[in-house]
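Each chain is listed here by its residues.
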Amino acid sequence: MELYLDTADIAEVKRLARIYPVQGVTTNPSIIAKGGVPVWEVLTQLRAALGQGSTLFAQVMARTADEMVAEAQQLSEYSPGIVVKVPVTMEGLAAIKQLNTLGIPTLGTAVYSAAQGLLAALAGAIYVAPYVNRVDAQGGDGIQTVRELQTLLQLHAPHAKVLAASFKTPRQALDCMLIGCGAITLPLDVVQQFLAAPAVDAAIDKFEQDWLGAFSSLSL
């Protein structure tokens, strides 16, 4: 199971990477734009925050296959080992095919259907990112899309892995994990909700009160 943070907030990455067992960070153009820091600086800071064993994801901005490939090569040269996110459009599929021959790992992103995701994997993408909550918002079933895509990859493109994205609640993420999803990326608010439970704090407070009453100290 691979857990990623979906953010470009360096301070939060440093804080949460100490707590959560994260494998790396995913970014997209909106996330980078929100921080107002050029992607090259963000990648350098993320690598420093996470260490060399982590995996980083960054997305191309171009619309044509040749331009996507050129941008992907820039990203790969600047940050070796980076996984380049490519939207699964017609031009995006062409770019993924070219990048596969160049040995540059890709993630097919902006995936709204299982068929779309399978095409990205068949073109050579090693990750495919279905947008769970966005599929729900359009009247579909995001979890079912993940389930179908996962089955298709197991049958026809076993080299590729679902990296589920676009979550609004921990429940959505848990449902993906329950059906065997091998990788997910979570925004900061959702990942923190996993441990944000008032009942947990109340239980710890009770333990402390009982211990303090018996031993007049909170040390063992």
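You'll find the chain entered in an unreviewed UniProt entry as Fructose-6-phosphate aldolase, with Limnobaculum parvum given as the organism. If you open the UniProt record of the chain and go to Subcellular location (unreviewed entry), you find "Cytoplasm". UniProt lists a comment for the chain under the heading Catalytic activity (unreviewed entry), and it reads "beta-D-fructose 6-phosphate = dihydroxyacetone + D-glyceraldehyde 3-phosphate".

Participant: Quick one: what's the story with the overall build of the chain, residue by residue and with numbers?
Facilitator: From N to C terminus, the chain includes 11 helices and 8 strands. Expressed along its principal axes, the backbone C-alpha trace of the chain runs to roughly 70 × 35 × 30 Å. A buried classification covers 45% of the 220 residues belonging to the chain. Of the contacts formed within the chain by residues at least 6 apart in sequence, a portion of 55% connects residues at least 24 apart.

Participant: Give me the lowdown on a nonpolar patch on the surface, citing residues and values where you can.
Facilitator: On the surface, a cluster of nonpolar side chains totalling about 600 Å² of accessible area is made up of Trp211, Leu212, Phe215, Leu218 and Leu220. Judged by relative accessible area, which is 33%, Trp211 ranks as partly exposed.

Participant: Give a detailed account of the environment of Ala48, specifying residues and quantitative values.
Facilitator: As for its placement among the helices and strands, Ala48 is situated in helix H3 (residues 39-50). Between the alpha carbons of Ala48 and Lys14 there is a distance of 9.4 Å; along the sequence they are 34 residues apart.

Participant: So what's going on with unusual backbone geometry? Which residues, and what values?
Facilitator: One non-glycine residue, Ser166, adopts positive backbone phi at about 65°. Taking relative accessible area as the criterion, Ser166 reaches 18% and is therefore assigned buried.

Participant: Got a sec to walk through the packing of helix H5 (residues 90-102) against helix H6 (residues 114-123)? Specific residues and values, please.
Facilitator: Running from N to C, H5 and H6 point in directions that differ by 30°, and their axes come no closer than 8 Å. For the element pair H5 / H6, the angle class is roughly parallel. Residues Leu93, Ile96, Lys97 and Asn100 of H5 form the contact with H6, whose participating residues are Leu119, Ala120 and Ala123. Across the contact of H5 with H6, the residue classes tally to 5 nonpolar, 1 polar and 1 charged.

Participant: Residues and numbers for the nonpolar core, please.
Facilitator: Membership of the largest hydrophobic core comes to 57 residues, with the highest contact counts inside it found for Leu153, Ala164, Cys176 and Ile184. Not counting residues within four places of it along the chain, the set of residues in contact with Cys176 comprises Val132, Ile143, Val146, Ala164, Phe167, Cys181 and Ile184. If you look at the next biggest cluster of nonpolar residues, it comprises 10 residues, including Phe57, Val83, Leu107 and Tyr131.

Participant: Can you break down the sheet that holds strand E6 (residues 127-130) residue by residue, with the values?
Facilitator: Judged by pairing direction, the barrel is parallel, and its 8 strands sit side by side in the order E1-E2-E3-E4-E5-E6-E7-E8 before closing back on the first. On average, each strand axis in the sheet is tilted by 30° relative to the strand beside it, whichever way the strands run. Pairing of strand E3 (residues 55-59) with strand E4 (residues 83-87), which is carried by 3 bridges, proceeds in the parallel orientation. Directly across from Ala58, in E4, lies its bridge partner Val84.

The rules behind each value
- Residues numbered from 1 in each chain as written.
- Predicted model: local features only at pLDDT ≥ 70, side-chain atom pairs only at ≥ 80, totals over all residues.
- Heavy atoms only, no water.
- UniProt positions renumbered as here; feature names shortened; annotations may be inferred.
- Helix = DSSP H or I, 4+ residues; strand = E, 2+ residues; numbered from the N terminus.
- Buried < 20%, exposed > 50% of the residue type's maximum accessible area, 1.4 Å probe, protein only.
- Contact = heavy atoms within 4.5 Å.
- Patch = residues over 30% accessible without salt bridge, like charges linked within 9 Å, V, L, I, M, F, W, Y side chains within 5 Å.
- Areas by Shrake-Rupley, 256 points an atom, 1.4 Å probe, with all protein chains shown as cover.
- Salt bridge = Lys/Arg side-chain N within 4 Å of Asp/Glu carboxyl O.
- Axes fitted to C-alpha atoms, helices over the stretch in contact; angles between N-to-C directions.
- Parallel < 35°, antiparallel > 145°, perpendicular 65-115°, else oblique.
- Nonpolar A, V, L, I, M, F, W, Y, C, P; charged D, E, K, R; others polar.
- Core = buried A, V, L, I, M, F, W, Y, C linked by side-chain atoms within 4.5 Å.
- Pairing = 2+ DSSP bridges.

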